[in-house]
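Observations on the model geometry
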Amino acid sequence: MRIGDVLEELYRTVEERKRELPEGSYTASLFKRGEDRILQKVGEEAVETILALKSGRREDAVYEVSDLLYHLTVALVNSGISLEEIAEELNRRKK
Ligand SMILES: N=c1c2ncn([C@@H]3O[C@H](COP(=O)(O)OP(=O)(O)OP(=O)(O)O)[C@@H](O)[C@H]3O)c2ncn1[C@@H]1O[C@H](COP(=O)(O)O)[C@@H](O)[C@H]1O
């Protein structure tokens, strides 16, 4: 499974949750709480990722990086920034 495909599917699911705000959806609950909460979660997950990477525990690091990528995806959808824009910026930096 390619990471690009996984992130694209996740992005689409998050967009759908934002549109439909279904009951029982964690993603919908983040959109209901608003931008400050979403960005707070990105910060918390970034710190947890750093600690997990420093711990040397590979499984913990993979878990926390996944949490961070998920919350970053929610933040991108919230700001209306597409994955294509990120891909273009990264491509521009190629040397
Ligand atoms: N990838 C994820 C994902 N990663 C992490 N999380 C949630 O992120 C939360 C982070 O948890 P924390 O440990 O920080 O603490 P918490 O107390 O549970 O959460 P907070 O109250 O602090 O916000 C957990 O509830 C996880 O379930 C995710 N929730 C959803 N997804 C994806 O989003 C899709 C839609 O999910 P729902 O919105 O729940 O339908 C799912 O199919 C998944 O693909």
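The sections below set out a description of the structure shown in this document. (Residues numbered from 1 in each chain as written. Predicted model: local features only at pLDDT ≥ 70, side-chain atom pairs only at ≥ 80, totals over all residues. Heavy atoms only, no water.)

**A short note on the site of the ligand**
Applicable threshold: The criterion for a residue being near a molecule or strand is simple. One of its heavy atoms has to lie within 4 Å of it. Think of a polar contact as two N or O atoms within 3.5 Å of one another; within protein, one of them needs to be a possible hydrogen donor and the other a possible acceptor, and neighboring residues in sequence only count if both atoms come from side chains. Surface accessibility follows the Shrake-Rupley procedure with a 1.4 Å probe radius. Residue values consider only the protein chains on display as shielding. When residues are grouped by polarity, Ala, Val, Leu, Ile, Met, Phe, Trp, Tyr, Cys and Pro land in nonpolar, Asp, Glu, Lys and Arg in charged, and all others, Gly among them, in polar.
Around the ligand sit Leu10, Thr13, Arg17, Ser25, Tyr26, Thr27, Arg37, Lys41, Glu45, Asp67, Tyr70 and His71, and that is every residue in its neighbourhood. Between the ligand and the protein, one listed contact pairs an oxygen atom with a side-chain N or O atom of Glu45 at 3.0 Å. Expressed as a share of its isolated accessible area of 830 Å², the protein-covered part of the ligand is 53%. The residue inventory of the shell around the ligand, partitioned by class, reads three nonpolar, four polar and five charged.

**Some words on the pattern of salt bridges**
Two side chains with opposite charge may pair up if their charged atoms get near one another. As a reminder of what qualifies: Salt bridges are defined as contacts in which a side-chain nitrogen from Lys or Arg sits within 4 Å of a carboxyl oxygen from Asp or Glu. Exposure categories follow from relative accessible area, calculated using a 1.4 Å probe and restricted to protein chains: below 20% of the type maximum is buried, above 50% is exposed, and the middle band is partly exposed.
In total, this model carries eight salt bridges according to the counting rule given. Between Glu23 and Lys32 there is a salt bridge, with its nearest N and O atoms 3.8 Å apart. According to the relative accessible area criterion, Glu23 is exposed, its value standing at 73%. Between Asp60 and Arg57 there is a salt bridge, and its shortest N-O distance comes to 2.7 Å. One salt-bridge network, held together by shared partners, links Arg37, Lys41, Glu44 and Glu45.

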